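Structural characterization, general
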Amino acid sequence: MTRHASGLFLSQRKYVVEIIERAGMSSCKSSPTQVDTKPKLSATSSTPYDDPSHYCSLAGVLQYVTFMRPNITYTVQQVYLFMHDPRDEHMHALKRIVRYIHGTIDYALHLYPSSVSTMVSYTDADWGGCPDTRRSTFGYCMFLGDNLISWSAKRQAILFCSSAEAEYIGVANVVAEICWFRNLLLELQCPLCKASLVYCDNISAIYLSHNLIQHQRTKHIEMDIHFVREKVALGHIKVLHVSSSYQYAYIFTKGLPRQLFLDFRYSLSIRPPPAPTEGVY
């Protein structure tokens, strides 16, 4: 961690260098993104990798990099799914992550002085994205003021029959996380007086958070529906629509085109270290 004139810079540069050396990729060609836009990895693709322990070791150390590099959370989560039986294609995906961090070795998370009066979250679910189980990948990011404070990418535990259901469960998970943070801030004598905003790009999921009529197809997620509706009714939460151009949670659920990925990475405050102050050498 480095303190600078405008805030804090949370870097793991030394640790990242060690990872690249462990992978034997110190002289590798860097990659502008950590994953492409093709379909997700499959458990049965290609042939088994000949050194599973090396794969598991490298994937394990990358997990710690996500603490300061939220933008690689999705890809690390994807390679983690195949620790039990890694394939050559999975190892290629893992090496691409290493090539990406090799090219962005100085990048890390910035924190800035900011108001703590607002909390904003973005949530998304890539419905049926897993080619083997058709389960969805859920991801979110949460900002307190201007700073990113919480993020996640994981495969949902159960299968949903519609994108609205998968997205709504994602909203419910984010609302639970928000409630925890709001209670924490209350204990720290910094209560949030304004409603926390949850942005989702699925119109049906937003409608479910406000509509008081119970539908037959939503009975299996009834607890989550009532939980979110209660928080909305109390004024603690507002669930709003966001266009795809500003849905930052996409970076936690799918591979993105290069320019969109770079834009979202910047919005998450994953940037190179600040330039030294003039006159300081």
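Please refer to the structure higher up on the page.
Residues numbered from 1 in each chain as written. Predicted model: local features only at pLDDT ≥ 70, side-chain atom pairs only at ≥ 80, totals over all residues. Heavy atoms only, no water.

**Considerations on the side chain of arginine 87**
Here arginine 87 is to be found in the loop between helix 3 (73-80) and helix 4 (88-103). Only 3.1 Å separates the side chain of arginine 87 from the backbone oxygen of serine 46, close enough to count as a polar contact. Among the polar contacts made by the side chain of arginine 87, one reaches the side chain of aspartate 85 at a distance of 3.2 Å. Excluding anything up to four places from it in sequence, arginine 87 contacts Ala43, Thr44, Ser45, Ser46, Thr47, Pro48 and Tyr49. (Helix = DSSP H or I, 4+ residues; strand = E, 2+ residues; numbered from the N terminus. Polar contact = N/O pair within 3.5 Å; in protein donor to acceptor, adjacent residues only side chain to side chain. Contact = heavy atoms within 4.5 Å.)

**A closer look at the packing of aromatic side chains**
This structure, assessed with the given rule, holds nine aromatic pairs. Three or more aromatic residues joined by ring pairs make a cluster, and in this case those are Tyr122, Phe143, Tyr199, Tyr248 and Phe264. Of note, arginine 271 hangs over the ring of tyrosine 266, and the distance from its end group to the ring centre comes to 3.9 Å. (Phe/Tyr/Trp six-rings, centres within 6.5 Å; stacked < 30°, edge-to-face > 60°. Lys NZ or Arg CZ within 6 Å of the ring centre and 35° of its normal.)

**Focus on helix 8 (residues 258-267)**
Listed as buried for helix 8 are Phe261, Phe264 and Arg265. The buried residues of helix 8 occupy an angular sector of 105° when the element is viewed end-on, so they sit on one face. Across helix 8 from its buried face, at more than 90 degrees, point the exposed residues Gln259 and Tyr266. The inward-facing, buried residues of helix 8 abut helix 4 and strand 9 (270-271). (Buried < 20%, exposed > 50% of the residue type's maximum accessible area, 1.4 Å probe, protein only. Arc of directions from axis to C-beta.)

**Things to note about the pairing of strand 7 (residues 196-200)**
For strand 7, the tally of buried residues reaches five of five residues, placing the bulk of the element in the interior. Taking every second residue as pointing to the same face, both faces of strand 7 are buried, with Ser196, Val198 and Cys200 on one and Leu197 and Tyr199 on the other. Here strand 4 (residues 119-126) pairs with strand 7 via three bridges, running parallel. By the bridge assignment, tyrosine 122 is partnered in strand 7 with tyrosine 199. Across five bridges, the pairing between strand 7 and strand 8 (residues 237-241) is parallel. Directly across from tyrosine 199, in strand 8, lies its bridge partner leucine 240. (Pairing = 2+ DSSP bridges.)

**Some details on the pattern of salt bridges**
With the rule as written, the count across this model stands at six salt bridges. Across the salt bridge formed by aspartate 106 and arginine 13, the nearest N and O atoms sit 2.6 Å from each other. Placement of aspartate 106 in the loop between helix 4 and strand 3 (108-111) and of arginine 13 in helix 1 (residues 13-22) is noted, with a sequence separation of 93 residues between them. A relative accessible area of 32% means that aspartate 106 is categorised as partly exposed. Put simply, lysine 38 and glutamate 89 hold a salt bridge, and the shortest N to O gap is 3.6 Å. Of this pair, lysine 38 sits in the loop between helix 1 and helix 2 (52-65) while glutamate 89 sits in helix 4, and the two are 51 residues apart along the sequence. For lysine 38, a relative accessible area of 47% translates into the label partly exposed. Relative accessible area serves as the criterion here: at 23%, glutamate 89 is assigned to the partly exposed category. (Salt bridge = Lys/Arg side-chain N within 4 Å of Asp/Glu carboxyl O.)

**Some thoughts on unusual backbone geometry**
Of all residues except glycine, most have a negative phi; of all peptide bonds, most are trans. Although it is not a glycine, serine 46 sits at a positive phi angle of roughly 55°. A positive phi angle, close to 60°, is found at arginine 134, a residue other than glycine. Relative to the helices and strands, arginine 134 is located in the loop between strand 4 and strand 5 (137-144). Using a relative accessible area of 47% as the deciding quantity, one classes arginine 134 as partly exposed.

**Some remarks on the sheet that holds strand 1 (residues 2-4)**
Two orientations exist for strands paired in a sheet by backbone hydrogen bonds: parallel and antiparallel. Spatial strand order, 1-2-3-9: four strands in an open sheet with antiparallel pairing. Two strands close off the open sheet at either side, each with one partner strand: strand 1 and strand 9. The pairing of strand 1 with strand 2 (residues 7-10) spans three bridges and is classified as antiparallel. Its bridge partner lying in strand 2, threonine 2 is registered against phenylalanine 9.

None of this, on its own, says anything about what the molecule does.
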